[in-house]
Amino acid sequence: MQPKKQSNAPYWPILPSAIALAGIMLFIFASFGPPASSSGFVTTLKGFFMQFAPEYAAGKAHYRMMPGPGSWLMAFVLGMALGGFVGGRTFSREIEDVPQIWRERFGAGRLKRFGSAFLGGFLILFGARLAGGCTLGLFLSGATQLSLSGLYFGAVIFAVAMLTARLLYKRRRSTS
Amino acid sequence: MIDIWLGLFAGTAFGFVIQRVGATNPQKMALAHLMQEPHIPQFMLLVVIFSATGLFFLDAAGDAVTRVLPISLVGTGLGGVIFGIGWGISGYCPGTCWAAVGEGRMDAIFTLLGGLAGAAAFAHLHESLIPILYMPTNMGQLTLADWFGHPAAALGFLIIFFGVGVWLIGRLWRQQDA
């Protein structure tokens, strides 16, 4: 896994980054409430349905229990995209539309990667909405509050993702 | 209105940090899942160690807004299994994919669209699925403090438990790299 381009900027070391992110999480706990991100998808959809099918949005429990657009949640996920944009613009590292590890296993075809990314996205949100939260809303926020649901969810998602990656990339030819 | 500025500020800072640490990079995430890249999982555990410690004091000062989600053996567990499969396939989480879209990753756009479809599908089925899968094994808003009887003891346990996790990941990850 040596990068081909030596000009790639290094990622931040994890210890100061973890302190920084914990500080942001505490800012959220002090200002609004537990940080969450999968709920932002529901908020986005609620805004869509309120516009185009208001009766459907009003009739569904999952949309009733979430704030709509114009809320902290919506601003938070849009902020995430903005933060990623600023981060990416100020960072000299080449971005690959198809990750190297995927290319080595499935080839460079974009259709296959984008299709699987769509499927993965479907599953992470379906699972997160069933569990009540995601990596951030349930695991990171939950474990911060010492909640058993967060620890349980965290253990399951790590174990299953590791198993999935192992099955998915099994026949990857050795790099390095 | 102030909520929107707070959310935008927090989200922007959050997205920036996770981009800088590499959590928005699906290559790095896949290697983390394959036990060849220890930094992302170690980073996540360290975040919890620091934020849990901070929240302990914030809570003691009475300034924290907390909301513990209930644990449902089947609902949380099955949700985690479905989530884990999707995470393994795409290399993105619901949060990181927003930041990765901002960063300009094309595959993250498809994960975001898939996520909207998945959330819409679940929201449509909420009334049928929650009573079957979530409610029967819902054990309520349990925390480690309920087990240990004292929040400080529970926090101490979490710090040691995750600290050992960080150490173990450092030992075990990358060693399989032939």
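Residues numbered from 1 in each chain as written. Chains lettered and ligands numbered in written order. Predicted model: local features only at pLDDT ≥ 70, side-chain atom pairs only at ≥ 80, totals over all residues. Heavy atoms only, no water.

J.: Any chance you could break down the packing of aromatic side chains for me, citing the residues and the numbers?
T.: In total, this model carries 26 aromatic pairs over all chains according to the counting rule given. Between tryptophan 102 of chain A and tyrosine 169 of chain A, the ring centres sit 6.4 Å apart and the planes meet at 85°, which makes this aromatic pair edge-to-face. Note that tryptophan 102 of chain A is positioned in helix α6 (residues 100–106) and tyrosine 169 of chain A in the segment after α9 (148–168), a separation of 67 residues in sequence. Take tyrosine 169 of chain A: its relative accessible area is 6%, and that puts it in the buried class. In textbook terms, an aromatic cluster arises when at least three aromatic residues are bridged by ring pairs, as seen for Phe139, Phe153 and Phe158 of chain A together with Phe83, Trp87, Phe148, Phe157, Phe161 and Phe162 of chain B. The side chain of arginine 113 of chain A reaches across the aromatic face of tryptophan 102 of chain A, ending 5.3 Å from its centre. (Phe/Tyr/Trp six-rings, centres within 6.5 Å; stacked < 30°, edge-to-face > 60°. Helix = DSSP H or I, 4+ residues; strand = E, 2+ residues; numbered from the N terminus. Buried < 20%, exposed > 50% of the residue type's maximum accessible area, 1.4 Å probe, protein only. Lys NZ or Arg CZ within 6 Å of the ring centre and 35° of its normal.)

J.: Give a description of the UniProt feature "transmembrane region" (unreviewed entry) in chain A that names residues and reports values.
T.: In the UniProt entry, the feature "transmembrane region" (unreviewed entry) is given for residues 12–32, 72–92, 113–139 and 151–169 of chain A. Along residues 151–169 of chain A the backbone is 95% helical and 0% strand, and the end-to-end C-alpha distance reaches 27 Å. (UniProt positions renumbered as here; feature names shortened; annotations may be inferred.)

J.: Would you mind going over the UniProt feature "transmembrane region" (unreviewed entry) in chain B in detail, with residue names and values included?
T.: Residues and elements named next belong to chain B. Residues annotated by UniProt as "transmembrane region" (unreviewed entry) correspond here to residues 39–61, 68–89, 109–135 and 147–169. A distance of 33 Å separates the end C-alpha atoms of residues 39–61, which is 96% helix and 0% strand. Taken end to end, residues 109–135 has its terminal C-alpha atoms 33 Å apart, with 96% of it in helix and 0% in strand.

J.: Give me the lowdown on the packing of helix α1 (residues 14–31) of chain A against helix α1 (residues 2–21) of chain B, citing residues and values where you can.
T.: Helix-helix packing: each pair is described by the crossing angle between the helix axes and the interaxial distance. Look at α1 of chain A against α1 of chain B: their axes get within 10 Å of each other, and the N-to-C directions meet at 165°. By the criterion of interaxial angle, the relationship of α1 of chain A to α1 of chain B is roughly antiparallel. The chirality of how α1 of chain A crosses α1 of chain B is left-handed. On α1 of chain B, the residues that touch Ile14, Ser17, Ala20, Leu21, Ile24, Met25, Phe27, Ile28 and Ser31 of chain A of α1 of chain A are Leu6, Phe9, Ala10, Ala13, Phe14, Val17, Ile18 and Val21 of chain B. The class makeup of the residues in the contact of α1 of chain A with α1 of chain B is 15 nonpolar, 2 polar and no charged. (Axes fitted to C-alpha atoms, helices over the stretch in contact; angles between N-to-C directions. Parallel < 35°, antiparallel > 145°, perpendicular 65-115°, else oblique. Left-handed = near helix turned anticlockwise from the far one by under 90°. Contact = heavy atoms within 4.5 Å. Nonpolar A, V, L, I, M, F, W, Y, C, P; charged D, E, K, R; others polar.)

J.: So what's going on with the side chain of threonine 143 of chain B? Which residues, and what values?
T.: Mapping threonine 143 of chain B onto the fold places it in the loop between α6 (106–134) and α7 (144–148). Polar contacts involving the side chain of threonine 143 of chain B include one to the main-chain amide nitrogen of alanine 145 of chain B, which spans 3.2 Å. Residues within four places of threonine 143 of chain B in sequence aside, it is in contact with Gln145, Leu146, Ser147 and Leu148 of chain A together with Val68 of chain B. (Polar contact = N/O pair within 3.5 Å; in protein donor to acceptor, adjacent residues only side chain to side chain.)

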